[in-house]
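Fold and geometry: a report
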Amino acid sequence: MFICNHCPFVIHLKQDIVKLTNYYMKKGLAVVAISSNSVVTHPQDGPDFMAEEAKLFKYPFPYLYDESQDVARAFRAVCTPEFLLYKKVGRRPFELVYHGQFDDSRPSNNMRVTGRDLSMAIDSALSGQPLSFVQKPSVGCSIKWHPEKSM
């Protein structure tokens, strides 16, 4: 997943992201969170603050910093939070099976946070079944790209 510290959409989901990942990691799911935001424009999303955040919320997964922003570009991430789910069967390469939202909840829509979309995708992947629903794109804060440097 691509997350960061400052985004209201991520803040809205943090506790439930931890609950969902704790549950599925017990079933064998590997989880990684990445912050790709520029620390030039958003220093609160940098490594020192990320470590504090991970400790405060008891993240059960690695929370990595993408300083070059190459990882975000490679995964075509555009916002936080953004969730990507890959599965691997045998010797075949990893296959992207889900790229979308956590659920329909937003900071201002008064919908309960459920993790429904991501949970259904994970359940499908773990059972070897195709997704039975239409993937909805993530909604959140745009990734904060490094400002262009003047020459």
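Above this text sits the structure in question.
Our subject in this report is the structure included herewith. Each residue is numbered by its place in its chain's sequence as written, counting from 1. In keeping with the predicted nature of the model, local features appear solely for residues at pLDDT of at least 70, side-chain atom pairs appear and are counted solely at 80 or more, and the whole-chain, interface and lining totals rest on all residues. Hydrogen atoms and water are omitted, and side-chain values are computed over all heavy atoms in the structure.

**Looking at the environment of Val134**
Secondary structure follows DSSP: runs of H or I at least 4 residues long count as helices, runs of E at least 2 residues long count as strands, and numbering of each begins at the N terminus. Inspection of the secondary structure puts Val134 in the loop between helix 4 (116-127) and strand 6 (141-142). Note on classification: 1.4 Å probe, protein chains only; a residue is buried when its accessible area is under 20% of the maximum for its type, exposed when over 50%, partly exposed between these limits. Of the residues examined, Val134 reaches a relative accessible area of 69% and is grouped as exposed. Sequence separation between Val134 and Pro47 is 87 residues; the distance between their C-alpha atoms is 35 Å.

**Let's talk about the side chain of Ser105**
As for its placement among the helices and strands, Ser105 is situated in the loop between strand 5 (95-100) and helix 4. Beyond its immediate sequence surroundings of up to four residues, Ser105 is in contact with His12, Met111, Arg112 and Val113. A contact between two residues is defined here by any heavy atoms of the two lying within 4.5 Å.

**A closer look at the nonpolar core**
Here the nonpolar core consists of buried residues drawn from Ala, Val, Leu, Ile, Met, Phe, Trp, Tyr and Cys, with membership extended through side-chain atoms lying within 4.5 Å. Judged by nonpolar contacts, the single largest core of 30 residues is most densely connected at Met1, Leu85 and Phe102. Contributions of two or more residues to this core are made by helix 1 (8-25), helix 2 (47-56), strand 4 (83-87), strand 5 and helix 4. For this core, the element with the highest residue contribution is helix 1, accounting for six residues. Leaving out residues up to four positions away in the same chain, Leu85 has contacts with Leu29, Glu95, Leu96, Val97, Tyr98, Ala121, Ile122 and Ala125. Counting six residues, the second largest nonpolar core, distinct from the first, contains Phe2, Ala77, Leu84 and Ile143.

**Examining a nonpolar patch on the surface**
Like charges within 9 Å and nonpolar side chains (Val, Leu, Ile, Met, Phe, Trp, Tyr) within 5 Å are joined into patches, using only residues over 30% in relative accessible area that form no salt bridge. Note on areas: these come from Shrake-Rupley sampling with a 1.4 Å probe, and a residue is covered only by the protein chains present in the view. A carboxyl oxygen of Asp or Glu within 4 Å of a side-chain nitrogen of Lys or Arg is what we treat as a salt bridge. Together, Val71, Phe75, Tyr86, Phe94 and Leu96 line one region of the surface with nonpolar side chains, adding up to about 450 Å² of accessible area. By the element assignment, Val71 lies in helix 3 (residues 70-75). Judged by its relative accessible area of 31%, Val71 falls in the partly exposed class.

**Comments concerning the pattern of salt bridges**
The full count for this structure, using the stated rule, is four salt bridges. Arg73 is the salt-bridge partner of Asp70, the closest N and O atoms lying 3.8 Å from each other. With a gap of three residues between them, Asp70 and Arg73 both fall in helix 3, about one helical turn apart. A relative accessible area of 47% means that Asp70 is categorised as partly exposed. Here Arg92 ties to Glu95 by a salt bridge, and the two come within 3.7 Å at their closest N and O atoms. By relative accessible area, which is 47% here, Arg92 ends up partly exposed.

**Comments concerning the packing of aromatic side chains**
Two rings belonging to Phe, Tyr or Trp (six-membered ring only in the last case) form a pair when the distance between their centres is within 6.5 Å. Interplanar angles under 30 degrees mark stacking, angles over 60 mark edge-to-face geometry, and anything in between is tilted. Summed over the entire model, instances satisfying the criterion amount to eight aromatic pairs. Pairing Tyr59 with Phe61 gives two aromatic rings, centres 4.8 Å apart and planes at 25°, and the pair type is stacked. Residue Tyr59 shares its accessibility class with Phe61, and that shared class is buried. On the numbers, 6.0 Å between centres and 80° between planes, the contact of Phe75 with Tyr86 is edge-to-face. Taken together, the positions of Phe75 in helix 3 and Tyr86 in strand 4 put the pair 11 residues apart, joining distant regions of the chain. Since its relative accessible area comes to 35%, Phe75 is described here as partly exposed. Cluster of aromatic residues (ring-pair linked, three or more members): Phe57, Tyr59, Phe61 and Tyr63. The ring of Phe94 has Lys88 lying over it, and the distance from NZ or CZ to the ring centre is 5.4 Å. Two conditions define a charge sitting above a ring: the NZ of Lys or the CZ of Arg must be within 6 Å of the ring centre, and it must be within 35 degrees of the ring normal.

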